[in-house]
Amino acid sequence: MPNRYAYLGPEGTFTEAALRALRPDESGEFIPCSGVDAVFAAVRSGAADSGVAPLENSVEGGVTATIAELINGAPLLIAAEVAVPVEFTLFAREGVRLADVKRVATHAHALAQCRGWLAEHLPDAETFTVSSTAAAARAVAEPGAPYDAAIAARVAGERYHLTAVAEGVGDRSDAATRFVHLVRPGPLPAPTGADRTSLVAFLSDDHPGALVELLDQFAVRGVNLTRLESRPTGDGLGRYCFCLDADGHVAEARVGEALMGLRRICKDIRFLGSYPRADADTELTPFMPARGTSNADFHEAEQWLAHIRAGQVA
Ligand SMILES: O=C(O)C(=O)Cc1ccccc1
């Protein structure tokens, strides 16, 4: 059966660029979805074999829709991640000048990253958020379009035959978005030596130091955290769960033991996967395990425990 990949569509989104960067089977089927929820639904139902969704942006932070889907509903696993530079262009139909632009459409995450530019160059324009940047470009291209311009990726402008009115309209030229490749639960990718583990932790009860205890499970085992985000559980004000990304693979003793520690102190843990890190090649400072926290240290301690449990105390 060919590989069927669900992604936030339509054609020309940054998510499609991320899917292509993940080097999919080119003979597979690309299934554009109208929202992140539809991407998850397609993978959960089996209508797609896997899916791609934006998770976080270096300027705007977490993509709420994706995080909510990861936390709730039938669990999916992250099998891979990819970071894509996001460059925004303002597109319109041919003949439209910047001064003519009164109504601008784009994705909420794109809008948040272009606010400074819009305030400076189009202070009077109304802004509209739609399901994706490419959906905005497609809408602008339609006859009788409700918007004068769309903020989208260059490929979207080309795909929908629009003209670039202004380029580089993002407030940060170095912005990047991290996308995740989602699969139904199954065998994990093998450890590569530069992996990431994602999970959601639900605390047992609310007490002073509860979050410190959670973080301590990682700290004492020398596991570096790369993301911590609190999200409401939906059970009332003040009720939160914690989305964490940690360096390492659950197959490594250091990470496995940290997860066992969490299991003992948390009400619930949702494991979201161990997968190769997208920034493995670009790491500036190589990871140096703290004293007593190398894989060899864990292995040696485990063997020692097995020996004393067997009465071999010499
Ligand atoms: O709308 C898109 O093209 C997406 O893929 C979502 C998005 C929007 C803005 C930055 C990164 C991803």
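Residues numbered from 1 in each chain as written. Predicted model: local features only at pLDDT ≥ 70, side-chain atom pairs only at ≥ 80, totals over all residues. Heavy atoms only, no water.

Draft legend 1. Seen up close, the packing of helix H7 (residues 210-219) against helix H8 (residues 253-265). Two numbers describe how H7 lies on H8: the axes approach to 8 Å, and their chain directions differ by 160°. Relative to H8, H7 is oriented roughly antiparallel. Relative to H8, H7 is oriented so that their crossing is right-handed. Side by side, H7 and H8 meet where Glu213, Leu214, Gln217 and Phe218 of the first sit next to Ala258, Leu259, Gly261, Leu262, Arg264 and Ile265 of the second. Here the residues of the contact of H7 with H8 are counted per class, giving six nonpolar, two polar and two charged. (Axes fitted to C-alpha atoms, helices over the stretch in contact; angles between N-to-C directions. Helix = DSSP H or I, 4+ residues; strand = E, 2+ residues; numbered from the N terminus. Parallel < 35°, antiparallel > 145°, perpendicular 65-115°, else oblique. Left-handed = near helix turned anticlockwise from the far one by under 90°. Contact = heavy atoms within 4.5 Å. Nonpolar A, V, L, I, M, F, W, Y, C, P; charged D, E, K, R; others polar.)

Draft legend 2. Summary view of the nonpolar core. Of all hydrophobic cores here, the largest spans 28 residues; its most connected members are Phe88, Leu90, Leu122, Ile151 and Val169. Counting residues per element, the ones that place at least two in this core are strand E1 (4-8), helix H1 (14-21), strand E5 (77-85), strand E6 (89-92), helix H4 (108-121) and strand E9 (149-152). Looking at this core element by element, the count peaks at five residues for H4. Residue contributions to this core reach at least three from each of two domains, namely domain 1 (1-85 + 176-186) and domain 2 (89-169). Ile151 has contacts with Phe88, Thr89, Leu90, Val104, Ala105, Thr106, Cys114, Leu118, Thr133 and Val169, leaving out every residue within four places of it along the chain. (Core = buried A, V, L, I, M, F, W, Y, C linked by side-chain atoms within 4.5 Å. Buried < 20%, exposed > 50% of the residue type's maximum accessible area, 1.4 Å probe, protein only. Domains from an automatic or database assignment.)

Draft legend 3. Structural context of the environment of Thr89. Within the fold, Thr89 resides in strand E6. Among the residues examined, Thr89 registers a relative accessible area of 2% and is labelled buried. As for Thr89 and Val155, which are separated by 66 residues in sequence, their C-alpha atoms are 9.9 Å apart. In this view, Thr89 contacts Ala150, Ile151, Ala152, Arg154, Ala164, Ala166, Glu167 and Val169; residues no more than four positions away in its chain are not counted.

Draft legend 4. Quick peek at the sheet that holds strand E13 (residues 225-232). In spatial order, the strands read E13-E14-E12-E15; together these four strands make up an open sheet with antiparallel pairing. This sheet does not close on itself; its edge strands, each paired only once, are E13 and strand E15 (266-276). In this sheet, adjacent strand axes meet at a mean angle of 15° when their direction is disregarded. Sheet topology places E13 next to strand E14 (residues 240-247); seven bridges connect them, and they run antiparallel. Across the sheet, Glu229 pairs through a bridge with Cys243, a residue of E14. Contacts from helix H3 (residues 64-71) reach strand E12 (195-203), E13, E14 and E15 within the one sheet, and its direction differs from that of E13 by about 85°. (Pairing = 2+ DSSP bridges.)

Draft legend 5. Structural detail: the domain arrangement of the protein chain. Segmenting the protein chain into domains produces domain 1 (1-85 + 176-186), domain 2 (89-169) and domain 3 (188-314). Listed by partner, the interface residues are 22 residues for domain 1 and 22 residues for domain 3. Roughly 1,500 Å² of surface becomes buried between domain 1 and domain 3 when both sides are summed, with 56% attributable to carbon and sulfur atoms. If you sort the residues of domain 1 by the area they bury against domain 3, Ile71, Ile78 and Glu81 come out on top, with a joint share of 37%. Here Arg178 and Asp245 are joined by a salt bridge, their closest N and O atoms 2.7 Å apart. Viewed at the interface, domain 3 and domain 1 are joined by nine residue pairs in polar contact (both at pLDDT 80 or more). Every element with two or more residues in the side of domain 1 that touches domain 3 is listed here: strand E3 (50-57), H3 and E5. Among the elements that take part in the side of domain 1 that touches domain 3, E5 stands out by supplying seven residues, more than any other. Tallied by class, residues from the side of domain 1 that touches domain 3 come to 13 nonpolar, five polar and four charged. (Buried area = accessible area lost by both parts, 1.4 Å probe. Salt bridge = Lys/Arg side-chain N within 4 Å of Asp/Glu carboxyl O. Polar contact = N/O pair within 3.5 Å; in protein donor to acceptor, adjacent residues only side chain to side chain.)

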